[in-house]
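One letter stands for each residue in the lines below.
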Amino acid sequence: METKTITVWILGLFQLILSSVLETSNSSFVESLESTQSYDYSKYHSMDEIYRWMQDVERGNPELVSSAVYGHTYEGRNITLLKLGLEDPEGREKKVIWVDCGIHAREWIAPAFCQWFVKEIVNSYKTNKKLEQMLQNLDVYVTPVINVDGYIFTWANDSTRLWRKSRSTPPAGSSCYGVDLNRNFNANWGMVGVSFDSCANNYGGKSPGSEPEAKAVMDFVGRMVNQTLCFLTIHSAGQLILMPYGHPEISAPNYDELVSVGEAAAVKMKKVHGMGYTVGTSPQILYPNTGSSRDWARLIGIPFSYTFELRDKGEFSHLLPEEQIQPACEEAYAGALSIITYVHEKTFNSSTLPNASVFRVAMMIWSTVMAVSLTTGVMM
C-alpha cells in the first residue's frame, strides 16, 4: 500500500511539473507570436528593436526560422541573419537565396524592407502552396543590417543621420572614420568609382575585405557558393534594379537573362503602386563602381545577383518618410519574389537546362578571364 501511494505521488508530481513546463512554453510561444504580429512594420526601428524582433520571429516560428551570428562588426557587435526554410521531404540538398540590407547606414528603408520581407514569408507560407514548395527547396538567408555600427550611429542625433560608412577607426594620418563597405568586396577592387581618400564617402578601405563586415559576408556566402542561386542586396535610393558589373568594360556572361529577369521584376513592382524601376548595370543607369557585393557575388559564380535601389528618385532620398515604408516594401517584395520565383523554377522545374554545376563553372571561368584581362590591360 505504501509503495502504491509513493508511486501515485510521484506520478502526480510529474504531471504537475509537466503541466507547468507546457504552460510556460505555450505562454512563451503565444507571447512571441503576439509580439511579432504587433510589431509595427511601417516604422523605422532601432538596432536593439531589430535584434529583439529577430528573436521573437525565431521563437514564434521554429519550424521555419532559425538564426546565426556569422560575423562581428569593427566595434564587436553581432552580424546576425535569419534563415527561412522548411525541411525538404525528399531529403535533397537545398539551394540558397541571399538577401541583405543595411550595408549603407543611412539607408533606413533597406532594413525596413528586410523585416517586411521576413514578415510576408512568415505570414503567408502556410496558405501559399507555391511559397511552401519553394521553402522546401530553398533556404533564404536574410541579414536585416550588415553595417550595424554605422546604423546605430545614424540613430545618435540629427547630425549623424546621413552617415553612410562603417565605423572603423581612421588610418594613420587621417581623422576620418569608416569605410564604404560596398566598395570593400573583392571584385575588381579599387579600379573605378572608389576613393582612396579615407574622408570620402566611397572610400574603399585598405584592401579587399579589409573590413570585418565585408569579410563576414564573403566568408559565409563563399562557403555556400555551389548552393547559392541568387544574391539580392537592398539599398536606396533611385528606384533602380542594378545588375553586374559596375566596371564599364566588363559584361556578365548571362547579361541578357539578367536583364530580362530584372525587367520582369520591375513590371511586377510597377503593378503594385505604379512606381517605375529602371533596370541595367551601374555604369548604364547610375555610375561606374567596383568592389560591390553584387559584383563579388557574380564573380565567384552566383548566377543571379542584383542590387535593389528602393524609393525614391530624389525628393526625400535617404530620408524617406515613414508613410512610404509600407508601399516601398510592398513593391520591393513583389520584385524580389519575382526574381526568386524565376530562379527557383529554372533550377527545380526545368528539364531543358544544362547541368547546373557545369553552367556555374563556365560562368566562373568567363568572369575570371574578364577580370584578368582588365588587370593586364588585354581586352577580348
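Visitor: Which residues make up the overall build of the chain, and what are the values?
Guide: The helix and strand tally for the chain stands at 11 helices and 8 strands. Counting the 380 residues in the chain, one finds 53% classified as buried. Restricting the contact set of the chain to residue pairs at least 6 apart, pairs at least 24 apart contribute 76%. Of the roughly 16,900 Å² that the chain leaves accessible, carbon and sulfur atoms contribute 55%.

Visitor: Quick one: what's the story with the state of the cysteines, residue by residue and with numbers?
Guide: The tally for this structure, following the rule as stated, stands at 2 disulfides. One disulfide in the model links C101 with C114; its S-S distance is 2.1 Å. One quick way to see it: the torsion about the S-S bond of C101 and C114 is about 85 degrees, and its sign makes the bridge right-handed. Note that C101 is positioned in strand β3 (residues 95-101) and C114 in helix α3 (residues 109-124), a separation of 13 residues in sequence. By relative accessible area, which is 0% here, C101 ends up buried. Note that C176 is cross-linked by a disulfide to C199, the S-S spacing being 1.9 Å. Because the torsion about its S-S bond is 80 degrees, the bridge between C176 and C199 counts as right-handed. Highlighted residues: C176 in the loop between α5 (148-154) and α6 (212-222) and C199 in the loop between α5 and α6, separated in sequence by 23 residues. Note on C199: relative accessible area 44%, which makes it partly exposed. When the bonded cysteines of the chain are numbered from the N-terminus onward, they pair as 1-2, 3-4. Free of any disulfide, C329 has its nearest cysteine sulfur in C101, 8.7 Å distant.

Visitor: Which residues make up helix α7 (residues 255-273), and what values do they have?
Guide: The first and last C-alpha atoms of α7 sit 28 Å apart over 19 residues, in line with the 27 Å expected at 1.5 Å per residue. Where α7 is concerned, the buried positions are E257, L258, V259, V261, G262, A265, A266 and M269. Backbone geometry just after α7 places G274 at a positive phi near 80 degrees.

Visitor: A description of the packing of α3 against helix α10 (residues 325-348) should follow, citing residues and the corresponding values.
Guide: When two helices pack together, their arrangement is captured by the angle between the axes and the distance separating the axes. Following both chains from N to C, one finds α3 and α10 inclined at 65 degrees, their axes separated by 9 Å at the closest point. In this structure, α3 crosses over α10, and the sense of that crossing is right-handed. Along its contact with α3, which presents I109, A112, F113, W116, F117, E120, I121 and S124, the element α10 presents I325, Q326, A328, C329, E330, A332, Y333, A336 and I340.

Visitor: Tell me about empty space enclosed by the protein, and please be specific about residues and values.
Guide: Vacant regions in the atomic arrangement are exposed by a probe of water-molecule size rolled over the atoms. According to the stated counting rule, one finds 2 cavities of 30 Å³ or more in the structure shown. In this structure, the largest cavity encloses a volume near 70 Å³. Around the largest cavity sit F117, I121, L131, M134, L135, L138, V140, Y333, L337 and I340, which together line it. For the lining of the largest cavity, the elements supplying multiple residues, two or more each, are α3, α4 (129-137), β4 (138-143) and α10. Among the residues making up the lining of the largest cavity, the classes are represented as 10 nonpolar, no polar and no charged. Counted as a void, the second largest cavity has a volume near 50 Å³. If you go around the second largest cavity, the residues you meet are Y39, D40, Y41, K43, Y44, H45, W108, A112, Q115 and Y151. When grouped by side-chain class, the residues that make up the lining of the second largest cavity number 6 nonpolar, 2 polar and 2 charged.

Visitor: Can you break down the packing of aromatic side chains residue by residue, with the values?
Guide: This model, assessed by the stated rule, comprises 20 aromatic pairs. Centroid distance Y44 to W108: 5.5 Å. Interplanar angle 65 degrees. Geometry classified as edge-to-face. With a gap of 64 residues between them, Y44 in the loop between α1 (2-38) and α2 (47-60) and W108 in the loop between β3 and α3 connect regions that are remote in the sequence. Considered together, Y44 and W108 belong to a single accessibility category, that of buried residues. Measuring from ring centre to ring centre gives 5.7 Å for W189 and F196, while their planes differ by 80 degrees; the resulting arrangement is edge-to-face. Residue class for F196 comes out exposed when judged on its relative accessible area of 56%. Connected via pairs of aromatic rings, a cluster forms that spans Y70, W98, Y141, F185, F220, F231 and W296. Sitting over the face of the ring of W116, K119 holds its NZ or CZ atom 3.3 Å from the ring centroid. Its guanidinium or amino end placed over the ring of F153, R167 lies 3.7 Å from that ring's centre, counting from NZ or CZ.

Visitor: Can you break down the sheet that holds strand β8 (residues 304-310) residue by residue, with the values?
Guide: Ordered by their spatial adjacency, 8 strands build an open sheet running β1-β2-β4-β3-β5-β8-β6-β7, and the pairing between neighbours is mixed. The open sheet is flanked by β1 (65-72) and β7 (278-281), the only strands paired with a single partner. The average angle at which neighbouring strand axes cross in this sheet is 20 degrees, direction not considered. As defined by bridge partners, β1 adjoins strand β2 (residues 78-84) across 7 bridges and the pair is classed as antiparallel. Note that in β2 the partner of V65 across the bridge is L84. Those strands touched by α10 are β3, β4, β5 (228-236) and β8, and its axis lies near 170 degrees from that of β8.

Rules used in this analysis
Residues numbered from 1 in each chain as written. Predicted model: local features only at pLDDT ≥ 70, side-chain atom pairs only at ≥ 80, totals over all residues. Heavy atoms only, no water. Helix = DSSP H or I, 4+ residues; strand = E, 2+ residues; numbered from the N terminus. Buried < 20%, exposed > 50% of the residue type's maximum accessible area, 1.4 Å probe, protein only. Contact = heavy atoms within 4.5 Å. Areas by Shrake-Rupley, 256 points an atom, 1.4 Å probe, with all protein chains shown as cover. Disulfide = S-S within 2.5 Å. Expected span 1.5 Å × (residues − 1). Axes fitted to C-alpha atoms, helices over the stretch in contact; angles between N-to-C directions. Left-handed = near helix turned anticlockwise from the far one by under 90°. 1 Å grid on protein atoms, 1.4 Å probe; cavity = no way out; pocket = protein on both sides within 12 Å on 5 of 7 lines; lining within 4 Å. Points joined across faces, edges and corners; volume = space filled by probe spheres on them. Nonpolar A, V, L, I, M, F, W, Y, C, P; charged D, E, K, R; others polar. Phe/Tyr/Trp six-rings, centres within 6.5 Å; stacked < 30°, edge-to-face > 60°. Lys NZ or Arg CZ within 6 Å of the ring centre and 35° of its normal. Pairing = 2+ DSSP bridges.

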